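Residue-level listing of the chains:
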Amino acid sequence: MKQLLLLSGKGGTGKTTVATGLIQLSQAKAYADCDVDAPNLHLVLGTFDNHTTKPYYDLPKAVIDPNRCTECGLCYQVCRFDAIAENPYRVIPHLCEGCTFCTHVCPAGAIALEETVAGTIELHTRGDETFSTATLKMGSGTTGLLVTEVKKQIKDKAEFAILDGSPGIGCPVIASLTGVDLVLMVAEPSLSGISDLKRVIQNARQLQVPICVIVNKSDVNEELTERIRHYCAKEALPFLGTIPYDREAVAAINSGQSLIERGGPASEAIQEIYHKVMKELEAL
Amino acid sequence: MKIAVLSGKGGTGKTLVSVNLAAVAEKGGYFDCDVEEPNGHLFLKPSDIEEEEVTSLKPVVDMDKCDGCRVCVDACVYKALAYIPGELMIFDEICHACGLCTHLCPRQALTETKRVIGTIRRGRRGSLSVHTGTMHIGESTGVPIIKELLKKLDDDLSIIDSPPGSGCLVLETIAHADYCILVAEPTIFGAQNLALVHELTQVMNKPAGVLLNKVEDGINPSELYAKEKTLKILGSLPYDSYVALENSNAELLVERSEKYRTFFLELLKEVVDEATLAAQR
């Protein structure tokens with residue numbers, strides 16, 4: 001199975017809009033939303049026939065039994081995550097990373113580990129299409145592991161899969177990059193966007209994932225679009241095209257219509273990019 | 001007064017709002033907690049920068065002492081250690097630096113050393129202090145950098161620019177905030193993610209208000225959400241190609257346009273009033 005991942009570094013550059021276009025154009029049979037912190041892909045893919053959900057368990061977290069606690073304070077001293085509050089000693093669940101150091105040092109055996117549900121993993125199907133997504137429970141932290149679970153659900157379900165990524169360069173991005181064949185960077189022509197793009201490119205390079213780049217909302221700042229094009233040439237990164245800003249895209253997204261169905265310059269640009277991306281994938 | 005600016009969705013205008021609020025305030029501190037992709041400094045262009053490294057601990061093994069008992073391997077819930085005959089492997093990127101393996105090792109074969117995971121730059125723009133955290137590429141968590149960054153919060157006025165999402169970095173970012181500004185786009189994506197961060201502020205027991213950004217004619221799902229939840233709407237910024245261009249060039253609107261200077265001065269007053277009211281409740 002070949003997997004294409006969309007990333008951007010900066011948020012709001014248009015990853016999900018482009019991903020939706022590519023899913024429709026390629027008639028992909030498998031796709032996933034790896035932005036478990038703020039998932040949106042499910043909003044634009046229409047309705048599915050079947051749904052299965054399962055809980056996602058975080059590492060078990062510590063819980064102090066107040067009846068057995070002797071107030072010695074050892075747990076408080078060893079915890080590196082500031083997850084233990086004093087008077088009386090208790091665990092702050094959203095800070096606990098489940099390392100179990102406290103359970104090892106507690107002389108009274110007052111600390112137990114409890115499994116905690118940190119989110120929900122969802123699998124939606126429609127004919128031979130499979131869509132994997134997840135939601136993180138408020139106040140949970142381990143997004144990288146959840147991304148890995150989301151990816152597992154579509155593994156080998158089809159010849160080709162499209163993954164919508166998250167902004168940033170941290171654990172969810174690293175988890176989404178692991179094992180993909182190509183990453184499409186959706187850049188934005190702003191100084192912030194360029195700074196972020198360069199960082200996420202370094203990230204993908206560390207993990208040795210091939211990269212190609214497009215610029216969305218290119219006409220907002222043509223000069224910076226050119227700068228990105230030059231940067232890509234200098235860095236030997238395939239530059240696969242630009243998408244003009246489409247003010248009416250907002251109305252289209254809100255009415256549940258895809259940019260492709262709507263037509264217009266942005267839609268045409270995505271179609272052109274789609275063919276180039278597929279060529280890049282075939283050439284790998 | 002410590003004000004966090006967040007959004008769930010990326011690219012809604014958190015940094016735009018944060019840097020312009022900080023710039024019109026002309027005092028206090030601006031804290032860029034988007035340590036994976038910090039951009040506020042591009043706008044505020046601070047000078048007199050002092051740089052410090054943020055370190056995390058990591059275990060290192062002395063193989064002359066290690067007898068391969070695997071106590072550390074079995075105890076590590078993150079699976080950051082593995083033993084093959086003659087070698088104990090330690091995976092730094094997976095290690096959470098909890099210290100358990102070093103504590104448990106019966107032969108004292110493990111010790112901890114410091115590892116640099118990011119940098120903090122603190123500078124000035126007139127009377128405003130500008131604080132930026134930057135995570136090294138390849139690291140998995142910026143939480144320790146945010147913790148260190150926020151140690152110098154200014155109680156009089158701090159504008160805290162949050163990373164996108166609703167995960168661990170955002171939790172850390174808003175932990176010390178007195179009030180949260182939720183910046184929302186007029187799309188169903190924007191409304192969906194507004195709901196997420198709104199829920200997060202409720203879980204964390206933080207008062208919050210909404211700033212509608214890039215507003216167009218027609219239905220605004222984020223505005224509908226705010227009204228339904230009786231969330232205070234702090235202000236509304238229409239989509240403006242002038243703003244898009246100035247912002248793409250990392251220019252401060254409050255310095256380029258009298259109209260926007262007035263808007264952000266009023267927004268600052270509104271936010272401070274709201275936060276003061278919330279504190280009295």
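Model, not experiment: these values are computed from the prediction.

Scanning chain A from N- to C-terminus turns up ten helices and 13 strands. Its C-alpha atoms give chain A principal-axis dimensions of roughly 70 × 45 × 35 Å. With 284 residues in all, chain A has 51% of them scored as buried.

Another point: the domain arrangement of chain A. Split into domains, chain A comes out as domain 1 (2-48 + 126-283) and domain 2 (61-115). Look at where the C-alpha atoms of domain 1 of chain A and domain 2 of chain A centre, and you get two points 41 Å apart.

Right, let's get into the interface of chain A and chain B. In this complex, chain A contributes 49 residues to the contact, which on the side of chain B involves 50 residues. Looking at side-chain class alone, the side of chain A that touches chain B contains 18 nonpolar, 25 polar and six charged residues.

Moving on to unusual backbone geometry. Keep in mind that most residues, glycine aside, have a negative phi and that most peptide bonds are trans. Along the chain, A:Asn87 connects to A:Pro88 via a cis peptide bond; the corresponding omega equals -10°. Considering the arrangement of structural elements, one finds A:Pro88 in the loop between β5 (84-85) and β6 (90-91). Of note, the phi angle at B:Glu26 is positive, near 55°, even though the residue is not glycine. Along the chain, B:Glu26 turns up in the loop between α1 (14-25) and β2 (29-32). By C-beta crowding, B:Glu26 is classed as exposed, having 12 other C-beta atoms within 10 Å. Phi at B:Lys214 is positive, roughly 55°, even though this residue is not glycine. Here B:Lys214 shows up in strand β10 (residues 208-215).

Looking now at the pairing of strand β8 (residues 117-126) of chain A. Residue and element names in this part refer to chain A. Sheet topology places strand β3 (residues 50-57) next to β8; eight bridges connect them, and they run antiparallel. Within the sheet, the bridge partner assigned to His51 lies in β8 and is His124. Across eight bridges, β8 lies against strand β9 (residues 129-136) in antiparallel orientation. Bridge pairing in β9 links Thr125 to Thr130.

Residue and element names in this part refer to chain B. Taking 1.5 Å per residue as the helical rise, helix α11 (residues 258-280) with its 23 residues ought to reach 33 Å, and the 33 Å between its terminal C-alpha atoms agrees with that figure. Turning to α11, its buried residues are Tyr260, Phe264, Val271 and Ala275. Buried residues belonging to α11 abut β1 (2-6), α1, β9 (179-184), β11 (232-238) and α10 (253-256).

What follows covers the sheet that holds strand β11 (residues 182-187) of chain A. Residue and element names in this part refer to chain A. As summarised here, the arrangement of the nine strands in space is β3-β8-β9-β2-β10-β1-β11-β12-β13, forming an open sheet in which the pairing is mixed. Each having just a single partner strand, β3 and β13 (239-243) make up the two edges of the open sheet. When strand polarity is set aside, the average angle formed by the axes of neighbouring strands in this sheet is 20°. Bridge count for strand β2 (residues 30-33) against β9 is three bridges, and the pairing is parallel. Pairing of Ala32 across the sheet is with Ser132, part of β9. Contacts between helix α6 (residues 191-206) and the sheet are confined to β1 (2-7), β11 and β12 (211-216), with β11 contributing the most and set at about 170° to the helix.

Residues A:Met185, B:Ile3, B:Ile181 and B:Leu182 are the most contacted members of the largest nonpolar core, which totals 136 residues. Top element by residues in this core is α1(B). It accounts for eight residues. Not counting residues within four places of it along the chain, the set of residues in contact with B:Ile181 comprises B:Ile3, B:Val5, B:Val17, B:Gly209, B:Leu211, B:Leu234 and B:Val271. Ranked by size, the runner-up nonpolar core spans 29 residues in total, among them A:Ile64, A:Ile111, B:Cys72 and B:Cys105.

Residue and element names in this part refer to chain B. With mixed pairing, nine strands are arranged side by side in an open sheet as β3-β6-β7-β2-β8-β1-β9-β10-β11. Both outer strands of the open sheet, β3 (47-61) and β11, are each paired with one neighbouring strand and no more. With direction set aside, neighbouring strand axes in the sheet form an average angle of 20°. Relative to strand β8 (residues 158-161), β2 is paired through four bridges, and the arrangement is parallel. From the neighbouring strand, Tyr30 faces β8, where its bridge partner is Ile159. Where α1 meets the sheet, it contacts β1, β2, β7 (128-135), β8, β9 and β10, and its direction lies at approximately 165° from that of β8. Against the sheet, helix α7 (residues 188-203) makes contact with β1, β9 and β10, and its axis sits at roughly 170° relative to β9, the strand it touches most.

Turning our eyes to something else, we now look at the environment of B:Cys66. All names here are of chain B. Along the chain, Cys66 falls in the loop between β3 and α3 (71-75). Overall, Cys66 belongs to the partly exposed group, with 19 C-beta atoms counted inside 10 Å. Distance in space between the C-alpha atoms of Cys66 and Cys105 is 8.7 Å, their sequence separation being 39 residues. Among residues more than four places away in sequence, those in contact with Cys66 are Val61, Leu88, Arg107 and Ala109.

Here we come to the environment of B:Leu252. All names here are of chain B. Note on placement: Leu252 falls in the loop between α9 (241-248) and α10. For the pair formed by Leu252 and Cys95, sequence separation is 157 residues and the distance between their alpha carbons is 40 Å. Contacts of Leu252, omitting those with residues within four sequence positions, involve Val19, Asn20, Ala23 and Phe43.

Each pair of packed helices can be described by the angle between their axes along with the distance between the axes. Residues and elements named next belong to chain B. Viewed as axis vectors pointing N to C, α1 and α11 meet at an angle of 85°, and their least axial separation amounts to 9 Å. As the angle between them shows, α1 and α11 are arranged roughly perpendicular. Counting all contacts with α1, which are made through Asn20, Leu21, Val24 and Ala25, the residues of α11 involved are Arg261, Phe264, Leu265, Leu267 and Leu268. Across the contact of α1 with α11, the residue classes tally to seven nonpolar, one polar and one charged.

Conventions we followed
Residues numbered from 1 in each chain as written. Chains lettered and ligands numbered in written order. Predicted model: local features only at pLDDT ≥ 70, side-chain atom pairs only at ≥ 80, totals over all residues. Helix = DSSP H or I, 4+ residues; strand = E, 2+ residues; numbered from the N terminus. Buried ≥ 20, exposed ≤ 12 C-beta atoms within 10 Å, placed from the backbone. Domains from an automatic or database assignment. Contact = placed C-beta atoms within 7 Å. Nonpolar A, V, L, I, M, F, W, Y, C, P; charged D, E, K, R; others polar. Pairing = 2+ DSSP bridges. Expected span 1.5 Å × (residues − 1). Axes fitted to C-alpha atoms, helices over the stretch in contact; angles between N-to-C directions. Core = buried A, V, L, I, M, F, W, Y, C linked by C-beta atoms within 7 Å. Parallel < 35°, antiparallel > 145°, perpendicular 65-115°, else oblique.

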